[in-house]
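Residue-level structure breakdown
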Amino acid sequence: MIKLPPEVLDRTDVRQALRAGDWATVLQVVTAEARVSQTEIAQAVGISQPHVSRLLSGRSRDPGLRTVRALCDGLGIPRSLAGLLDEQEDDTNRRQFVAAAAAATGVTLIGTAAGDVPLESRDDEQLLTIPSTTYRRLEQRLPARSLLPPVSAHPPTRIAE
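Criteria and cut-off values
- Residues numbered from 1 in each chain as written.
- Predicted model: local features only at pLDDT ≥ 70, side-chain atom pairs only at ≥ 80, totals over all residues.
- Heavy atoms only, no water.
- pLDDT = per-residue confidence, 0-100.
- Contact = heavy atoms within 4.5 Å.
- Helix = DSSP H or I, 4+ residues; strand = E, 2+ residues; numbered from the N terminus.
- Buried < 20%, exposed > 50% of the residue type's maximum accessible area, 1.4 Å probe, protein only.
- Core = buried A, V, L, I, M, F, W, Y, C linked by side-chain atoms within 4.5 Å.
- Polar contact = N/O pair within 3.5 Å; in protein donor to acceptor, adjacent residues only side chain to side chain.
- Axes fitted to C-alpha atoms, helices over the stretch in contact; angles between N-to-C directions.
- Parallel < 35°, antiparallel > 145°, perpendicular 65-115°, else oblique.
- Left-handed = near helix turned anticlockwise from the far one by under 90°.
- Nonpolar A, V, L, I, M, F, W, Y, C, P; charged D, E, K, R; others polar.
- Salt bridge = Lys/Arg side-chain N within 4 Å of Asp/Glu carboxyl O.
- Arc of directions from axis to C-beta.

Attention now moves to the confidence of the model for the protein chain. Within the protein chain, residue pLDDT values average 76, and 53% of them lie at 70 or more. Contacts of residues 88-92 to residues separated by more than four positions or lying in other chains number six contacts, the stretch itself having pLDDT below 50. In the predicted structure, residues 110-117 sits below a pLDDT of 50 and forms five contacts with residues beyond four places in sequence or in another chain.

Given below as structure tokens:
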């Protein structure tokens, strides 16, 4: 594992990049701060050096879930900073998780639509990250094929323009 200086993970730009899945920025900071090569990153993470190169250059913008987990684990980044569940949460009860995710998303949407939650500019980012983080976590726990029946049961809805 590559040891990053603790203050690196506290940097605003690094945290924003992790939340956004911007691995090019994260890897650029890692190479600069830890003074490691792409080959060293590849060895620590367990992916190929060309894959590290594509991520670092931004040519690969959407790494798979396994790659994100490997990057977090190999670089000593807590999975939660990248919108993933930490290892100790691997045995999460799926029904409880789905119910909590739906509740969190619903509360956020209902609260903002009804005006019950006072919105200030500093709250906007948090309100926007809750649904995306929730969906990332849901994606990890629930196979896409299990979502087909509920989704296909709903007729297509047209949005008024």
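Glycine aside, residues mostly have negative phi angles, and peptide bonds mostly take the trans form. Of note, the phi angle at Arg35 is positive, near 50°, even though the residue is not glycine. Within the secondary structure, Arg35 sits in the loop between helix H3 (23-34) and helix H4 (38-45). Given the relative accessible area of 73%, Arg35 is considered exposed.

Our next topic: the nonpolar core. Membership of the largest hydrophobic core comes to 29 residues, with the highest contact counts inside it found for Leu18, Trp23, Ile41, Leu71, Leu75 and Ile77. When contributions to this core are tallied by element, the ones reaching two or more residues are helix H1 (6-10), helix H2 (12-20), H3, H4, helix H5 (49-57) and helix H6 (65-75).

Attention shifts here to the environment of Asp73. Turning to its location among the elements, Asp73 is positioned in helix H6. For Asp73 and Gly46, which are 27 residues apart along the polypeptide, the C-alpha to C-alpha distance reads 9.8 Å. Those residues within four positions of Asp73 in sequence are excluded, and the remaining contacts are Met1 and Arg79. Among the polar contacts made by the side chain of Asp73, one reaches the side chain of Arg79 at a distance of 2.8 Å.

It is worth spelling out the packing of H3 against H6 at this point. Taken N-terminus to C-terminus, the directions of H3 and H6 make an angle of 20°; their axes are 13 Å apart at the nearest point. The orientation of H3 relative to H6 falls into the category roughly parallel. Every pair of crossing elements has a handedness; the one defined by H3 and H6 is left-handed. When H3 is examined against H6, the residues Trp23, Leu27 and Val30 are found in contact with a partner set consisting of Val68, Leu71, Cys72 and Leu75. Residue composition of the contact of H3 with H6, by class: seven nonpolar, no polar and no charged.

Scanning the entire structure with this criterion turns up four salt bridges. Arg79 serves as the salt-bridge partner of Asp73, at 2.8 Å between the closest nitrogen and oxygen. Given the relative accessible area of 34%, Asp73 is considered partly exposed. A single salt-bridge network, built from bridges that share partners, covers Arg11, Asp13 and Glu33.

This next bit is on the packing of H4 against H5. Packing of H4 against H5 leaves a shortest axis separation of 8 Å and a crossing angle of 110°. With respect to their mutual orientation, H4 and H5 come out roughly perpendicular. The element H4 and its partner H5 pack so that their crossing is right-handed. Contacts between H4 and H5 involve Gln38, Thr39, Ile41 and Ala42 from the first element and Gln49, Val52, Ser53 and Leu56 from the second.

The next point concerns H4. Taken together, the buried positions of H4 are occupied by Ile41, Ala42 and Val45. Looking straight down H4, one finds its buried side chains confined to an arc of 100°; they lie on one side. For H4, the elements touching its buried residues are H3, H5 and H6. Once H4 finishes, Gly46 follows within two positions and takes phi at roughly 90°, a positive value.

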